[in-house]
Amino acid sequence: MQRNMTKPFKLGRAALALLFASALGVSACSNATSSKETVEIQFWNPFTGDTAAVVDDIVEKYNASQTNISVKSLSNQDPQKQLTAISGGNAPDLVITYWNNVGPWSEAGAVQNLESLVQSSDFDASRIIPAALDRMKVDGEIHGFPISMSMANKLFYNKKAFADAGLSAPPETLEQMFEYAKRLTKKDGAGNLTQIGFIPDYPWIDNVFWPIIFGGSWDDGNGKLTANQKANVDSIAYQAQYYQEFGVDGINKFKSGMGQMNTPQDPIITGDLAMMIGWENWYNDKRGENGEIGVAPFPYPEARPELKQSGMVSPVAMFIPSKSKRQEAAWEFMQYLLSEEVQIEYAIRNKTIPVLLGALDNPELTENESTASLKEFFESAKSPNLNGFPNSIYINEYLQALNEETEKAIKGQISAQEAMDAVVAKMQPKADAAKK
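Draft legend 1. Local environment of the pattern of salt bridges. For the structure shown, the criterion picks out 17 salt bridges. Between R304 and E306 there is a salt bridge, with its nearest N and O atoms 2.8 Å apart. Between E345 and R349 there is a salt bridge whose closest N-O contact spans 3.3 Å. Here E345 and its partner R349 are both found in helix α14 (residues 340-350), four residues apart, which amounts to about one turn of the helix.

Structure (structure tokens):
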């Protein structure tokens, strides 16, 4: 699933610095493409199977469309393989990777700042969905572009569970969702949970999604971390309500007996779990008018209706390594990957969301039968309330700290304020050091 593109790939910052020490002295100048001579570029991606085949087909079409640049595609190149090649003498020219690698790798000199290439080619970056493009920026400057994005801004719910509980429509506000969750929760004679309305940290703790739903943020854009602001704290306190209501031991026991996702025992399919956070590439064959799973906008805080259609974006990144000797050719090909025609083909074949705003209304995408289950996501991808975690050289450490403290707070070990204060106390020195 594309959501996995957001998982941190960790390599110590000292190790990164050593790995890319040789890159720092390499000129950022690149060879211009020539109409007389074909320039060959190496394009690496981490995909396998059908997704790799889609990339290969797009490369083949590009190569057939012109003679100036020949792209050689290489799939199944995970981050470690990418790092090894970039640090050596044979760096690829364009790379697809997890988006949260862009910040740490840029600090080590591995990722080329694209601002000059964007400006010299008059590329209109405003055509990209803002929340997706922002994830590609480090210190406010573009270091990569998204090739696609995943998004969580829906509530998935089991229709039968709702009907059995006498609920005719999904909740609109978070307060209403909490009340629905109580009505959708059942216990046996011994007090064990047999059905639960909602689990805020299923299938994982999401320390990015929830603050976005409450209008929170993680920095002020000038180096001050804001994880302990009221909106973030409120988002964690809201999640903790579910553990307070249904019991930490009770929920943990229930979770231990739940079926695996995407199996016949999947709890959202069986109705054992009535509601969950919904991503665009989950349960496509179970959604729709005749499917078991209903789809609705994710609820918003009752006091903040301006936050309707909020959601989290998680793009797939592509960047030009700083050691590439063919950066202009790589940039030419990157622009091709960001063309509307390619974006639509990529989205249709991979069942994902294009990053071009214009593509979201293109009938070739919206009227395609194979993407019918994604229509609601295409529409909500235009929302101004989409956001994501800011990229930085310390991103993975920041996410880990948030994860650890959030888990303590939602299970009642510490307060939400204490948890976020602890995160800021731990991470602000790293943010300060990064500004020097």
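Draft legend 2. The arrangement of the packing of helix α8 (residues 174-183) against helix α10 (residues 230-246) in detail. Running from N to C, α8 and α10 point in directions that differ by 20°, and their axes come no closer than 11 Å. The orientation of α8 with respect to α10, classified from their angle, is roughly parallel. Our pair here, α8 against α10, has a crossing hand that is right-handed. Residues L174, M177, F178, A181 and K182 of α8 lie in contact with α10, whose contacting residues are Y238, Q241, Y242, E245 and F246.

Draft legend 3. View of the nonpolar core. Membership of the largest hydrophobic core comes to 138 residues, with the highest contact counts inside it found for F145, M149, M177, W210, M275, F298 and Y398. Broken down by element, the residue count for this core peaks at eight residues, all from strand β6 (residues 145-158).

Draft legend 4. Quick look at the side chain of T352. The topology assignment puts T352 in the loop between α14 and α15 (363-366). We classify T352 as buried; its relative accessible area is 1%. In terms of polar contacts, T352 uses its side chain to reach the backbone carbonyl oxygen of M149, at 3.1 Å.

Draft legend 5. Structural view of the packing of aromatic side chains. Evaluation of the coordinates by the stated rule reveals 25 aromatic pairs. An angle of 40° between the planes, with centres 6.2 Å apart, marks the rings of Y394 and Y398 as tilted. On the basis of relative accessible area, Y398 is assigned to the buried category, the value being 2%. Grouped by ring-pair contacts, the aromatic residues F178, F198, F209, W210, F214, Y238, Y242 and F298 constitute a single cluster.

Draft legend 6. Just the pairing of strand β2 (residues 69-74), in detail. Where strand β1 (residues 39-44) and β2 come together, six bridges link them in parallel fashion. Following the sheet pairing, E40 is matched in β2 by S70. On the question of chirality, the crossover connecting β1 to the parallel β2 by way of helix α2 (residues 49-65) is right-handed.

Draft legend 7. Molecular detail of helix α18 (residues 416-435). With 20 residues, α18 extends 28 Å between its outermost C-alpha atoms, agreeing within 8% with the 28 Å of an ideal straight helix rising 1.5 Å per residue. Roughly 35° is the biggest bend found in α18, and it falls at M427, with proline P429 one to four residues downstream. Restricting attention to buried positions, one finds in α18 the residues A416, A419, M420, V423, V424, M427, Q428 and A431. Contact partners of the buried residues in α18: α10 and α17 (395-410).

Draft legend 8. Here's a closer look at helix α3 (residues 79-87). Residues P79, Q82, L83, A85, I86 and S87 constitute the buried set of α3. The opening residue of α3 is D78, an N-cap whose side-chain oxygen sits 3.1 Å from the backbone nitrogen of Q80.

Draft legend 9. Just the packing of α2 against helix α13 (residues 327-337), in detail. Contact geometry for α2 and α13: axes closest at 11 Å, N-to-C directions at 115°. Relative to α13, the crossing made by α2 is right-handed. Along the contact surface, α2 presents I58, V59, K61 and Y62, while α13 presents E332, F333, Y336 and L337. When its residues are assigned to classes, the contact of α2 with α13 shows six nonpolar, no polar and two charged.

Draft legend 10. Fine view of the environment of E376. Along the chain, the position of E376 falls in helix α16 (residues 375-380). Given a relative accessible area of 39%, E376 falls into the partly exposed group. Between the alpha carbons of E376 and I251 there is a distance of 31 Å; along the sequence they are 125 residues apart. If sequence neighbours within four positions are ignored, E376 has contacts with K154 and V295.

Draft legend 11. Fine view of the pairing of strand β3 (residues 94-98). Across the five residues that make up β3, a large majority, five, are buried. Both β1 and β3 contribute to a ladder of two bridges, which runs parallel. Within β3, the residue paired with F43 across the bridge is L94. As paired strands, β3 and strand β11 (residues 311-319) are joined by four bridges and run antiparallel to one another. Bridge assignment links T97 to a residue of β11, and that residue is A317.

Draft legend 12. Geometry of unusual backbone geometry. For the bond from Y202 to P203, the omega torsion is 0°, close enough to zero to count as cis. At D122, a position not held by glycine, the phi torsion is positive, near 55°. Mapped onto the secondary structure, D122 falls in the loop between α5 (115-120) and α6 (130-134). We classify D122 as exposed; its relative accessible area is 69%. Positive phi, normally seen in glycine, also occurs at N262, with a value near 65°.

Draft legend 13. Up close: the environment of P203. Checked against the element boundaries, P203 lands in the loop between β8 (193-198) and α9 (209-213). The class for P203 is partly exposed, based on a relative accessible area of 29%. Expressed as a C-alpha distance, the spacing of P203 and M261, which sit 58 residues apart in the sequence, is 8.6 Å. Look past the residues within four positions of P203 in its chain and what remains in contact with it is M261, M276 and W282.

What counts and how
- Residues numbered from 1 in each chain as written.
- Predicted model: local features only at pLDDT ≥ 70, side-chain atom pairs only at ≥ 80, totals over all residues.
- Heavy atoms only, no water.
- Salt bridge = Lys/Arg side-chain N within 4 Å of Asp/Glu carboxyl O.
- Helix = DSSP H or I, 4+ residues; strand = E, 2+ residues; numbered from the N terminus.
- Axes fitted to C-alpha atoms, helices over the stretch in contact; angles between N-to-C directions.
- Parallel < 35°, antiparallel > 145°, perpendicular 65-115°, else oblique.
- Left-handed = near helix turned anticlockwise from the far one by under 90°.
- Contact = heavy atoms within 4.5 Å.
- Core = buried A, V, L, I, M, F, W, Y, C linked by side-chain atoms within 4.5 Å.
- Buried < 20%, exposed > 50% of the residue type's maximum accessible area, 1.4 Å probe, protein only.
- Polar contact = N/O pair within 3.5 Å; in protein donor to acceptor, adjacent residues only side chain to side chain.
- Phe/Tyr/Trp six-rings, centres within 6.5 Å; stacked < 30°, edge-to-face > 60°.
- Pairing = 2+ DSSP bridges.
- Right-handed = clockwise from strand over helix to strand, strands pointing away.
- Expected span 1.5 Å × (residues − 1).
- Bend = angle between axes of the 7 residues up to and from the residue.
- Nonpolar A, V, L, I, M, F, W, Y, C, P; charged D, E, K, R; others polar.

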